[in-house]
Structures are given as C-alpha cells and as structure tokens.
Amino acid sequence: MAKRIDGKAISARVKDECREKVKNEKLDVTLAVIQVGNNPASTVYVGNKKKACEYIGIHSLSYDLPEETTEEELLALVEKLNQDDAVNGILVQLPLPSQINEDKVIQTISPKKDVDGFHPQSVGALCIGQPGFVSCTPAGIIQLLKRNDIEIDGKECVIVGRSNIVGKPMALLMLRENATVTVCHSHTTNLKEVTKRADILIVAIGKPKFITREYVKEGAVVIDVGIHRNENGKLCGDVDFEDVEPIASAITPVPGGVGPMTVAMLMNNCVEAK
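Cut-off values and rules
As a convention, each chain's residues are numbered from 1 in the sequence order in which they are written. Confidence filtering applies because this is a predicted model: local features only for residues at pLDDT of at least 70, side-chain atom pairs given and counted only at 80 or more, and all residues used for totals across whole chains, interfaces and linings. Only hydrogens and water are set aside when side-chain values are computed; all heavy atoms of the structure are taken into account. Buried and open spaces are told apart on a 1 Å grid over the protein atoms alone, a cavity being a set of points where a 1.4 Å probe fits but cannot get out and a pocket being an open set with protein on both sides within 12 Å along at least five of seven lines. Residues with an atom within 4 Å of a point are the lining residues. Grid points are joined across faces, edges and corners, and a volume is the space filled by probe spheres set on the points. Three classes are used, and their members are as follows: Ala, Val, Leu, Ile, Met, Phe, Trp, Tyr, Cys and Pro are nonpolar, Asp, Glu, Lys and Arg are charged, and the others, Gly among them, are polar. Pairing between strands requires that DSSP locate at least two bridges from one strand to the other. Numbered from the N terminus, helices here are DSSP runs of H or I no shorter than four residues, and strands are runs of E no shorter than two. Whenever a carboxyl oxygen of Asp or Glu lies within 4 Å of a side-chain nitrogen of Lys or Arg, that contact is scored as a salt bridge. Expected span of a helix, by definition, is 1.5 Å for each gap between consecutive residues, and there is one gap fewer than residues. For every residue, the accessible area (1.4 Å probe, protein chains only) is compared with the maximum for its type, and the residue is labelled buried under 20%, exposed over 50%, or partly exposed between those bounds. Residue contacts are defined here by distance: any two heavy atoms, one from each residue, within 4.5 Å place the two residues in contact. The convention used is that axes are lines fitted to C-alpha atoms, helices contributing only their stretch in contact, and that angles between N-to-C directions extend from 0 to 180 degrees. For classification, angles of less than 35 degrees are called roughly parallel, those exceeding 145 degrees roughly antiparallel, those between 65 and 115 degrees roughly perpendicular, and all remaining angles oblique. Centres within 6.5 Å make a pair out of two Phe, Tyr or Trp rings, where for Trp the six-membered ring is used; the pair is then stacked when the planes are under 30 degrees apart, edge-to-face when over 60, and tilted otherwise. Consider the ring centre and the ring normal. A charge sits over the ring if Lys NZ or Arg CZ is within 6 Å of that centre and within 35 degrees of that normal. In protein, a polar contact means a hydrogen-donor-capable atom and an acceptor-capable atom, both N or O and within 3.5 Å, with residues adjacent in sequence counting only if both atoms are side-chain atoms; elsewhere, any N or O pair within 3.5 Å suffices.

> Go over empty space enclosed by the protein with me, naming the residues and quoting the values.
All told, the structure shown has 3 cavities of 30 Å³ or more when counted by the stated rule. Taken together, Val92, Leu94, Val105, Ile106, Ile109, Asp114, Asp116, Phe118 and His119 make up the lining of the largest cavity. Taken together, the residues of the lining of the largest cavity break down into 6 nonpolar, 1 polar and 2 charged.

Structure, rendered in structure tokens:
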C-alpha cells in the first residue's frame, strides 16, 4: 500500500518556517490581492491566502473589484501597486472575466512583485537557472517530494499536462533537480506506455479520475494536481486514487495533497520578496 504524502502537514511546516523568519528578522511584508468578480472558487482561494498571511504575520491588502471592471481599470491598479514601495507582492486571482486579457495583466505585474511566478521574466529566469519567483504549485510539489525523502536525481519523471502554470514550470524544476523529464499532452500517442516508464508521475490535466493503474508503473510515486467534484459532490483528482494507491509507492490524496502546498509556497515567495 502506498505511503500517503500529507500536503497539509508539510504546508503547515512551510508556513511555520515563514512565520519564524518574519518574526526573527522583523520583516515588514505586504501582499496585495486583487479579485475581480465573485467566482466562488476564487473567493475560497483568496480567503485561504488572507488567512495564511494573518498566521505568518504578513499584511494583506484586499481589492475586491466588480465583475464589470474594465481591463484599463485593472491595469491602472496594478501599475499603482507596482509603484508602491510598501507593497512587496501583487497577486491577481485567476480566472478573470472575459473582457480582461489575462496575459496582459500578468505582464503588467512587476517581476520583482510577481509572487505567483507567472510573469514571462520569472518563467525565463527559471528556464535558464537564474533566480526568480517560481510558480507556487510546481514549487510546492518539489517540497512534497524532498520532505518525504523521495529521490529525484536520476529518476524518470513523466508530467501529464503542459499548462504554463503547472506542466511547463514543473518540467523545468524537475530538470533542475536532475530528473529525466518527459512531458505528455493531448497529442501524445501511446500515453499509457509513456506514463508506465515513470518513477515519478505528475498529473495535471483537469480530467477527473483519468489516470488508472493501467497508466502507472508498480512502485511509482504519483502526484495528483487535479481537483474536481464528482457526481456526489465529493472532491477527487485527476488520478483514480482507490485504483492506483495499491500499486504506487507514494501518492498524494485529493484533498490534502498538492492543494495546501500552493498557498504555503505563495507565502514563501512573499517572504522572499522582502
């Protein structure tokens, strides 16, 4: 039976380390959080981020903008926060309403305040091994692996999904840790054959319970980034947990695996921004 990788416990440790650093180094850190509209999932995420800020001792500025906010109004607010020396990090909660171009907003955030790690400059720095903010979910997955003493160096890692937020930065981070990396996507042929090679299988495709034991090598480490509600309203991931757990060596549950790490690494980025 696989070891369950406990994201809640590890995220609590990361947050405690951030709290200690803020206290011991007397850091004065401010995160500005912008939400446009009232998407229920976004409201939950923003609430979790504010709670984490409070726990760690980071000031959070909250900007709740109406659904009909124009792109110009949002960009003007981001520019104002870029110029504000008291603000160390800027976070614009995604997704944004259809009248706003997300790429334009991400590119307007100063790379020095890009605690989400989405700015092209941050991604470019990651690509060539320069310092910069790293996208929070992939950074959290690296922590989950390392803090569970899972060897990455020399291992075969397969990532299913090539999004800019998870798949691509995840591949770069695993390369940085000396894994041999394959990225799969909707055009990959013989997906099962490719995923069955993986010592570490990371799944971020947005399809509930898509990955069954047929895709997984016996003894593999399985990291599930997906989060969905099934027909009974119960949370599940991209991996069929019950089917895969018996053959994996370690696996992240949903909820309580990758999810908590995203907020923890955001807090870590905020503290590093100081």
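> Before we move on, can you summarise the sheet that holds strand β1 (residues 3-4) with the specific residues and values?
Spatial strand order, β1-β11-β8-β7-β5-β6: 6 strands in an open sheet with parallel pairing. Only two strands of the sheet have a single neighbouring strand rather than two, namely β1 and β6 (180-184).

> Please set out the pattern of salt bridges residue by residue, giving values where relevant.
Scanning all chains against the criterion turns up 9 salt bridges. With a closest N to O distance of 2.9 Å, Arg147 and Glu17 form a salt bridge. With a gap of 130 residues between them, Arg147 in helix α6 (residues 136-147) and Glu17 in helix α1 (residues 7-24) connect regions that are remote in the sequence.

> Just give me the short version of α6, but keep the residues and values in it.
At 3.6 residues per turn, the α-helix brings residues three or four places apart onto the same side. The terminal C-alpha atoms of α6 lie 16 Å apart, and with 12 residues this matches the ideal 16 Å at 1.5 Å per residue to within 8%. Of all 12 residues that make up α6, 9 are buried, and the element is covered over most of its length. Of all the residues in α6, the buried ones are Cys136, Thr137, Pro138, Ala139, Gly140, Ile141, Ile142, Leu144 and Leu145. Elements that come into contact with the buried residues of α6 comprise α1, α7 (167-176), β7 (200-203), β8 (221-224) and α10 (259-272).

> Would you mind going over the packing of α1 against helix α2 (residues 40-56) in detail, with residue names and values included?
Put simply, α1 and α2 touch, their axes get as near as 8 Å, and they point 45° apart. One finds that α1 runs oblique with respect to α2. Touching Lys15, Asp16, Cys18, Arg19 and Val22 of α1 are Ala52, Tyr55 and Ile56, all from α2. In terms of residue class, the contact of α1 with α2 is made up of 5 nonpolar, no polar and 3 charged.

> Give a description of the packing of aromatic side chains that names residues and reports values.
Using the criterion set out here, one finds 1 aromatic pair in the structure. A ring pair is formed by Phe210 and Tyr215, whose centres lie 5.6 Å apart and whose planes are at 45°; its orientation type is tilted. For Phe210, a relative accessible area of 28% translates into the label partly exposed. Over the ring of Tyr55 we find Arg19; its NZ or CZ atom is 4.2 Å from the centre of that ring.

> I'd like a rundown of the side chain of Thr252, residues and numbers included.
By secondary structure assignment, the location of Thr252 is in the loop between β11 (250-251) and α10. At a separation of 2.8 Å, a polar atom in the side chain of Thr252 contacts the main-chain amide nitrogen of Asp224. Apart from residues lying up to four places away in sequence, Thr252 is in contact with Ile5, Leu144, Val222, Ile223, Asp224, Phe241, Gly257 and Val258.

Honestly, it's all geometry; don't read function into it.
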